[in-house]
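# Inside the fold
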Amino acid sequence: METRSSKSVLDADAIAFLYKEVLLLCESDESLLDKYKVDGIPMKKAQKEVGFHLAPCKNSAGVDSKVGMNTFSYRADIAIPALFRHLRNAFVHNRIMKGKNGELLLRDYNNRKLTMFARVESFDKLKTIIKSIKKTKG
């Protein structure tokens, strides 16, 4: 696993957003996320309009830490609930860092194995992506 400082790269507004939009959703009732489909037309439209890519895979070996910008590579049985769980874990375990070029790097681990890696150009972009995914509920 990477070395990191304990200081968060997130400001108070970012923490409040992630708490409200991701953490509370996962902690209250994750079944609320079951209506989101990664391969549905609304999700494909959101990905194209907002400019992000979801790359779920069946096991941890498929998680890629060399992804392009605004890409989420993650282990998933059910794609969107797993994505939100991984985002929640990255947030609560302080695994959101700045990359060399100022981009956000988000990571989640399970038993020291990388289970999610995302590279996002900015926190504003991450907010836009999360909001656009939540709008695709079918």
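Just above sits the structure.
Residues numbered from 1 in each chain as written. Predicted model: local features only at pLDDT ≥ 70, side-chain atom pairs only at ≥ 80, totals over all residues. Heavy atoms only, no water.

### Thoughts on helix α3 (residues 79-92)
- Between its first and last C-alpha atoms α3 spans 20 Å; for 14 residues at 1.5 Å apiece the expected length is 20 Å, and the two agree.
- The buried fraction of α3 is high, at 12 of 14 residues.
- Buried within α3 are the following residues: Ala79, Ile80, Pro81, Ala82, Leu83, Phe84, His86, Leu87, Arg88, Asn89, Ala90 and Phe91.
- Immediately beyond the C-terminal end of α3, within one or two residues, lies Asn94, with a positive phi of roughly 55°. (Helix = DSSP H or I, 4+ residues; strand = E, 2+ residues; numbered from the N terminus. Expected span 1.5 Å × (residues − 1). Buried < 20%, exposed > 50% of the residue type's maximum accessible area, 1.4 Å probe, protein only.)

### Some details on the side chain of Thr136
- Residue placement: Thr136 occurs in the segment after α4 (123-134).
- Only 2.6 Å separates the side chain of Thr136 from the backbone oxygen of Ile133, close enough to count as a polar contact.
- Excluding residues that lie within four positions of it along the chain, Thr136 makes contacts with Tyr36, Pro42, Met43 and Ala46. (Polar contact = N/O pair within 3.5 Å; in protein donor to acceptor, adjacent residues only side chain to side chain. Contact = heavy atoms within 4.5 Å.)

### Quick notes on the pattern of salt bridges
- On inspection of all chains with the given rule, the structure shows five salt bridges.
- The salt bridge partner of Lys20 is Glu21, with a shortest N-O separation of 3.9 Å.
- For the salt bridge of Lys45 with Glu49, the shortest nitrogen-to-oxygen distance reads 3.9 Å. With Lys45 and Glu49 both in helix α2 (residues 41-50) and four residues apart, the pair spans about one turn of that helix.
- Glu49 gets classed as exposed once you look at its relative accessible area, which sits at 60%.
- Among the ionic contacts, a cluster of salt bridges with common partners joins Lys20, Glu21 and Lys134. (Salt bridge = Lys/Arg side-chain N within 4 Å of Asp/Glu carboxyl O.)

### Remarks on helix α1 (residues 12-28)
- The largest bend in α1 comes to about 40°, at Tyr19.
- Within α1 the residues assigned to the buried category are Ala14, Phe17, Leu18, Glu21, Val22, Leu23, Leu25 and Cys26.
- Next to the buried residues of α1 lie α3, β3 (96-98) and α4. (Bend = angle between axes of the 7 residues up to and from the residue.)

### Side note on the packing of aromatic side chains
- A complete count under the given rule lists one aromatic pair for this structure.
- Between Phe17 and Phe123 the ring centres are 6.0 Å apart and the planes differ by 85°, which places this aromatic pair in the edge-to-face class. One end of the pair, Phe17, is in helix α1; the other, Phe123, is in helix α4, with 106 residues separating them in the sequence.
- Exposure remark for Phe17: the relative accessible area of 9% places this residue in the buried category. (Phe/Tyr/Trp six-rings, centres within 6.5 Å; stacked < 30°, edge-to-face > 60°.)

### Focus on the packing of α3 against α4
- Put simply, α3 and α4 touch, their axes get as near as 12 Å, and they point 150° apart. Our classification of the angle between α3 and α4 gives roughly antiparallel. At the point where α3 passes α4, the crossing takes the left-handed sense. Side by side, α3 and α4 meet where Ile80, Leu83, Phe84 and Leu87 of the first sit next to Ile130, Ile133 and Lys134 of the second. (Axes fitted to C-alpha atoms, helices over the stretch in contact; angles between N-to-C directions. Parallel < 35°, antiparallel > 145°, perpendicular 65-115°, else oblique. Left-handed = near helix turned anticlockwise from the far one by under 90°.)

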